Amino acid sequence: MKFTKMHGCGNDYVYIDCREGVPENVNELAIKLSDRHKGIGGDGIILICSSDKADFLMRIFNADGSEGKMCGNGIRCVAKYVFDKGLTDKHHLEIDTLSGVKIIDIDPKAKPGDYETWVTVDMGKPETETLEETIKLSDGSELTGSIISMGNPHFVVYSEETPSDAMVLGQGPLAERHERFPDRSNIEFAKVTGNDEVEMRVWERGSGETMACGTGACATAVAAILRGLTGTDVTVHLRGGDLRIRLDERGHVLMTGPAVSVFEGKIND
């Protein structure tokens, strides 16, 4: 089984062409391949499959083996993968996910095989449940944040403090599994750092802290925009790089960022 290791702002996955079929025991495969000491290493695996409603179908399995619905950094890398491999020659693509079909635009200047390819994803309309809700964690601390869905759940916590290990690694896993979120949630810790600029760290559902989260960056920007903390064009600074997020006149969230191929290999049974 051949694979390609790719990342978007450091959010890294193992990509596998599964147009001819999905491997057996894919949940266990995700756990095995994601192991950074005994496997390839990554935040999970992403399968590129055939689709009867779009150009391709993307399936995401987190490092703990659970299946995710959507990955903003991952879908940019899927676009680069199919473009680089000659599976399509289009710069405008439709990719199906468990959160619906997403519209993708690859930089018109991009060429197959470029080290880094910039991709814009129409993430659709966010669903905002509440902009300010407080939850009490099992350690006695409290977090106040915005509950927003980008096809997957997010709890965005803004504060005047720079996101710290105590927040992300301490409160993050407790908030992920809080009773308020029966299906668990991604937890973002953010601070406004300048005009239309935000710093963010994320504890991802099923993967722990990652270098970046595309849907999380979108949810974080939406929370800032709706709360009047920024304008409608926001740069989100993540540990692995920057993403540009824009809320357009239709109410759709447009995410622009890089996709990078790291290396290729073959998996032995």
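So, here's what we can say about the structure. (Residues numbered from 1 in each chain as written. Predicted model: local features only at pLDDT ≥ 70, side-chain atom pairs only at ≥ 80, totals over all residues. Heavy atoms only, no water.)

In terms of helices and strands, the protein chain carries 4 helices and 17 strands. For 269 residues, the compact-globule estimate of 2.2 N^0.38 gives 18 Å, and the C-alpha radius of gyration of the protein chain, at 18 Å, lies within 12% of that figure. Considering the protein chain as a whole, with its 269 residues, one finds that 52% of them fall into the buried category. Contacts spanning at least 24 positions in sequence make up 60% of the contacts within the protein chain whose residues lie at least 6 apart. Summed over its atoms, the accessible surface of the protein chain is roughly 11900 Å², and 45% of this surface lies on carbon and sulfur atoms. Measuring between centres, the 30 positive side-chain charges of the protein chain sit 3 Å from its 44 negative side-chain charges. (Helix = DSSP H or I, 4+ residues; strand = E, 2+ residues; numbered from the N terminus. Rg over C-alpha atoms; globule rule 2.2 N^0.38 Å. Buried < 20%, exposed > 50% of the residue type's maximum accessible area, 1.4 Å probe, protein only. Contact = heavy atoms within 4.5 Å. Areas by Shrake-Rupley, 256 points an atom, 1.4 Å probe, with all protein chains shown as cover. Lys, Arg positive; Asp, Glu negative; His and termini not counted. Charge placed at Lys NZ, Arg CZ, Asp CG, Glu CD.)

Another aspect to go through is the pattern of salt bridges. Scanning the model with the defined rule gives 17 salt bridges in all. We note a salt bridge from Arg36 to Asp43, for which the minimum N-O separation is 3.1 Å. Accessibility expressed as a relative area gives 49% for Arg36, which makes it partly exposed. Overall, Asp43 belongs to the buried group, its relative accessible area being 6%. The salt bridge involving Glu176 is made with Arg184; its shortest N-O contact spans 3.0 Å. Comparing Glu176 with Arg184 shows no difference in burial state: the two are buried. Connected via shared salt-bridge partners are Lys5, Asp12, Arg36 and Asp43. (Salt bridge = Lys/Arg side-chain N within 4 Å of Asp/Glu carboxyl O.)

Once that is clear, we can look at the packing of aromatic side chains. Scanning the model with the defined rule gives 3 aromatic pairs in all. Where Phe3 meets Phe263, the ring centres are 6.0 Å apart and the plane angle is 85°; that geometry is what we call edge-to-face. Here Phe3, found in strand β1 (residues 2-8), pairs with Phe263, found in strand β17 (residues 253-266); they are 260 residues apart in sequence, far enough to count as distant. With relative accessibility at 8%, the residue Phe3 sits in the buried group. Residue Phe263 is classed as partly exposed on the basis of its relative accessible area, which comes to 37%. (Phe/Tyr/Trp six-rings, centres within 6.5 Å; stacked < 30°, edge-to-face > 60°.)

With that settled, the discussion passes to the pairing of strand β9 (residues 127-136). Where β9 lies against strand β10 (residues 142-149), 7 bridges are found, and the strand directions are antiparallel. Each residue of the ladder has a partner; that of Ile135, found in β10, is Leu143. The hairpin turn running from β9 into β10, its antiparallel successor, is 5 residues long, and Gly140 in that turn takes a positive phi close to 95°. (Pairing = 2+ DSSP bridges.)

Although it is not a glycine, Cys9 sits at a positive phi angle of roughly 55°. With respect to the helices and strands, Cys9 occurs in the loop between β1 and β2 (11-17). Residue class for Cys9 comes out buried when judged on its relative accessible area of 3%.

Turning to its location among the elements, Glu204 is positioned in strand β13 (residues 197-204). Buried within the structure, Glu204 lacks any salt-bridge partner; its nearest side chain of opposite charge belongs to Arg205, at an N-O separation of 7.8 Å. Those residues in contact with Glu204 that lie beyond four places of it in its chain are Asn11, Tyr13, Glu176, Asn186, Glu209, Thr210, Ala212 and Cys213.

With that settled, the discussion passes to the pairing of β10. As paired elements, β10 and strand β11 (residues 153-158) share 4 bridges and run antiparallel to each other. Bridging across to β11, Ile148 finds its partner in His154. Linking two consecutive strands that pair antiparallel, namely β10 and β11, is a turn of 3 residues; a positive phi of about 95° is found at Gly151 within it.

With that out of the way, let us pick up the nonpolar core. Counting 53 residues, the largest nonpolar core has Tyr15, Met58, Ile104, Met123, Val236, Ile245 and Val253 as the members making the most contacts within it. With 8 residues, helix α4 (residues 214-226) is the largest single contributor of residues to this core. Setting aside anything within four residues of it in sequence, one finds Ile104 in contact with Ile75, Ala79, His91, His92, Leu93, Ile95, Val119, Thr120 and Val121. (Core = buried A, V, L, I, M, F, W, Y, C linked by side-chain atoms within 4.5 Å.)

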